[in-house]
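# Summary of the model geometry
So you can see what is in the structure, the chains are spelled out below.
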Amino acid sequence: MLILNGREVAKEVRSSLIPRVENFSRLQGRPPHLSVIIVGDDSASHVYVKNKKIACESVGISSTIHALPAGTSQHELNTKIQSLNNAEDVDGILVQFPLPKHLSADEVLSLVAPAKDADGLTYASLGYFFAGKPFVKPCTPEGVMTILQRYRISVEGLKAVVVGRSNIVGKPMAQLLTEANATVTVCHSKTKNLSDYTRQADLVVVAAGKARLLGKEDFKKDSIVVDVGMHRNGPGGKLCGDVRFEELDGWVKAATPVPGGVGPMTIAILLQNTCILAEKRAGIKS
Ligand code: NAP
C-alpha cells in the first residue's frame, strides 16, 4: 500500500511559497500579510492560531493576531472585520472558530470580503467557488487534491465517494473532484448502508467526523482512501482518523494516515491561499 504522506507534500507546498513570497515582497515592499482574529480564551484555539503564525513566519508571510476578549460584542467583532476588509496592507483574513456562544458565525461568514477570505469558506467565497470562479479554494479539500496530484493520482473517470457534506469539507471536496472529472457520490448520516457505496468506489474521501468509522471491509480492493477525520481520543489516547488505517495494508492501493495525512495540508494551503490573495490584489501573476 502506498502511504500518501501529507507531511512531505505540505513541506513541498511551503517550500514552493518561499520564492513567491520573496517576489511579492520585492515588488510590493512588504510580504503578504495574514490577519487572524480570535475571540475569547479557548486554549486549543489559541494553540491553533499560534501554529498558524509560526507557519506564516516559516515561509516569510507576515501575520497579525487580533486577540479579542471573550466579552467582545457582535458589533465590535463586525467593526474589526470591516476595518481589516478595508486595510490596504491586509491580504488575508481568518476568523478562528469556534466563537463564544453569544457571537454569530453566520455574521462573520457573511462579512469577510471574499478577496481576503484566506479560508475560502465565507458564503460569498463559496458562491464564487461553486460557480467555478474561486478567489481561493477551501483549504482542506484543496489539500486533498494537492496530495492526489503530488502522487500523480488522476481522478478523471474514477467513481468517487465523499463521506460527509459539511460546507468546510464534504461539499467543496465533492465539487473539486467533480471539476477534476471524477463521478462523485456524496454520503451523509442519513445514507442507508454506507458501505454499499464506499465498496463500489475507486476513491473514498472520508470526512464524517466519526472516529474509526470505516475499515478494510468497507473499501474495494485496490481503491484509494483519503481520511480527513481527526480525533484526539483514538486507541491509547492517540490521534486517529475516521478510518481504521491499520487494516488497509495489502488491501487498498493508497491511503492517507492520521496523523501525517490531510492534517498538515490544511495549514499549507492556508499559506498558499494567503499568497494567492496577496498576488491577486497586487495584480501579480504567480
Ligand atoms: P461535520 O461538520 O461534523 O460534518 C460531518 C459530516 O459527516 C456531516 O455531513 C454528517 O452528515 C456526516 N456523517 C456523520 N456521521 C456519519 C456516518 N455515520 N455516516 C456517514 N456520514 C456521516 O464535520 P467536518 O467539519 O466536515 O469535519 C469532518 C472531520 O474532518 C472531523 O473529524 C474534523 O475534525 C476533520 N477535519 C479535519 C481537518 C484537517 O485539517 N485534517 C479539517 C477540517 C475537518 P449530516 O450532514 O447528515 O449530519
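About the cut-offs
- Residues numbered from 1 in each chain as written.
- Predicted model: local features only at pLDDT ≥ 70, side-chain atom pairs only at ≥ 80, totals over all residues.
- Heavy atoms only, no water.
- Helix = DSSP H or I, 4+ residues; strand = E, 2+ residues; numbered from the N terminus.
- Contact = heavy atoms within 4.5 Å.
- Pairing = 2+ DSSP bridges.
- Axes fitted to C-alpha atoms, helices over the stretch in contact; angles between N-to-C directions.
- Salt bridge = Lys/Arg side-chain N within 4 Å of Asp/Glu carboxyl O.
- Buried < 20%, exposed > 50% of the residue type's maximum accessible area, 1.4 Å probe, protein only.
- Near = heavy atom within 4 Å.
- Polar contact = N/O pair within 3.5 Å; in protein donor to acceptor, adjacent residues only side chain to side chain.
- Areas by Shrake-Rupley, 256 points an atom, 1.4 Å probe, with all protein chains shown as cover.
- Nonpolar A, V, L, I, M, F, W, Y, C, P; charged D, E, K, R; others polar.
- Lys, Arg positive; Asp, Glu negative; His and termini not counted.
- 1 Å grid on protein atoms, 1.4 Å probe; cavity = no way out; pocket = protein on both sides within 12 Å on 5 of 7 lines; lining within 4 Å.
- Points joined across faces, edges and corners; volume = space filled by probe spheres on them.
- Domains from an automatic or database assignment.
- Buried area = accessible area lost by both parts, 1.4 Å probe.
- Phe/Tyr/Trp six-rings, centres within 6.5 Å; stacked < 30°, edge-to-face > 60°.

### Focus on the side chain of Ser 45
Structurally, the position occupied by Ser 45 is in helix α2 (residues 43-59). Sequence-distant contacts of Ser 45, defined by excluding residues within four places in its chain, comprise Ile 38, Gln 96, Phe 97 and Pro 98.

### Re the sheet that holds strand β7 (residues 203-206)
Taken in spatial order, the six strands line up as β1-β9-β8-β7-β5-β6 in an open sheet, and their pairing is parallel. Two strands lie at the open edges of the sheet, namely β1 (2-3) and β6 (183-187), each paired on one side alone. Two elements, strand β5 (residues 159-163) and β7, share four bridges in a ladder whose sense is parallel. If you follow Val 163 over to β7, its bridge partner there is Val 206. Relative to the sheet, helix α7 (residues 170-179) contacts β5, β6 and β7, its axis offset from that of β5 by approximately 170°.

### With respect to the pattern of salt bridges
Here the structure, examined in full by the defined rule, presents 13 salt bridges. We note a salt bridge from Arg 281 to Asp 91, for which the minimum N-O separation is 2.7 Å. Of this pair, Arg 281 sits in helix α9 (residues 263-282) while Asp 91 is found in the loop between α3 (74-86) and β4 (92-95), placing the two residues 190 residues apart along the sequence. Residue classification places Asp 91 among the buried positions, given a relative accessible area of 1%. Note that Glu 246 and Arg 212 form a salt bridge whose closest N and O atoms lie 2.8 Å from each other. Taken together, the residues span a long stretch of sequence, with Glu 246 in the loop between β8 (224-227) and β9 (254-255) and Arg 212 in the loop between β7 and β8 at a distance of 34 residues.

### With respect to the site of the ligand
Taken together, 20 residues are adjacent to the ligand, and Arg 165, Ser 166, His 188, Ser 189 and Thr 266 come closest. Within the backbone of Ala 207, one N or O atom sits 3.5 Å away from an oxygen atom of the ligand. Val 228 is positioned such that a nitrogen or oxygen atom in its backbone is 3.4 Å from an oxygen atom of the ligand. About the coverage of the ligand: the protein hides 71% of its 930 Å² of free accessible area. A per-class count over the shell around the ligand returns eight nonpolar, ten polar and two charged.

### A look at the side chain of Asp 227
With respect to the helices and strands, Asp 227 occurs in strand β8. Buried Asp 227, no salt bridge; nearest opposite-charge side chain is Arg 212, N-O distance 8.3 Å. Within the structure, Asp 227 has its side chain in polar contact with the backbone nitrogen of Gly 229 (distance 3.0 Å). Separated by 3.0 Å, the side chain of Asp 227 and the backbone nitrogen of Val 243 make a polar contact. If sequence neighbours within four positions are ignored, Asp 227 has contacts with Val 206, Gly 241, Asp 242, Val 243, Thr 256, Val 258 and Val 262.

### A look at the layout of surface pockets
Over the atoms a probe the size of a water molecule is rolled, and this reveals where empty space is left. Of the voids in this model, the second largest pocket is the one considered here, and its volume is about 170 Å³. Contributing to the lining of the second largest pocket are Val 163, Gly 164, Arg 165, His 188, Ser 189, Leu 194, Ala 207, Ala 208, Lys 210 and Leu 213. Residue composition of the lining of the second largest pocket, grouped by class: five nonpolar, three polar and two charged.

### Let's talk about the domain arrangement of the protein
Its domain assignment divides the protein into domain 1 (29-134) and domain 2 (139-263). The distance between the C-alpha centroids of domain 1 and domain 2 comes to 28 Å. At the junction of the two partners, domain 1 supplies eight residues and domain 2 supplies nine residues. On the domain 1 side of the interface with domain 2, the three residues burying the most area are Leu 121, Phe 129 and Phe 130, jointly 61% of the side's total. Applying the counting criterion to the domain 1 and domain 2 interface returns zero residue pairs in polar contact (both at pLDDT 80 or more). In terms of residues, the side of domain 1 that touches domain 2 owes the most to one element, helix α5 (residues 123-130), which gives three residues. For the side of domain 1 that touches domain 2, the class distribution of residues is six nonpolar, one polar and one charged.

### Quick word on the packing of aromatic side chains
Enumeration over the complete set of coordinates arrives at two aromatic pairs. Between Tyr 128 and Phe 135 the ring centres are 4.9 Å apart and the planes differ by 85°, which places this aromatic pair in the edge-to-face class. Owing to a relative accessible area of 39%, Tyr 128 belongs among the partly exposed residues under this scheme. Seen from their ring centres, Phe 129 and Phe 130 are 5.0 Å apart, and the 75° between their planes marks the pair as edge-to-face. Among the residues examined, Phe 130 registers a relative accessible area of 37% and is labelled partly exposed.

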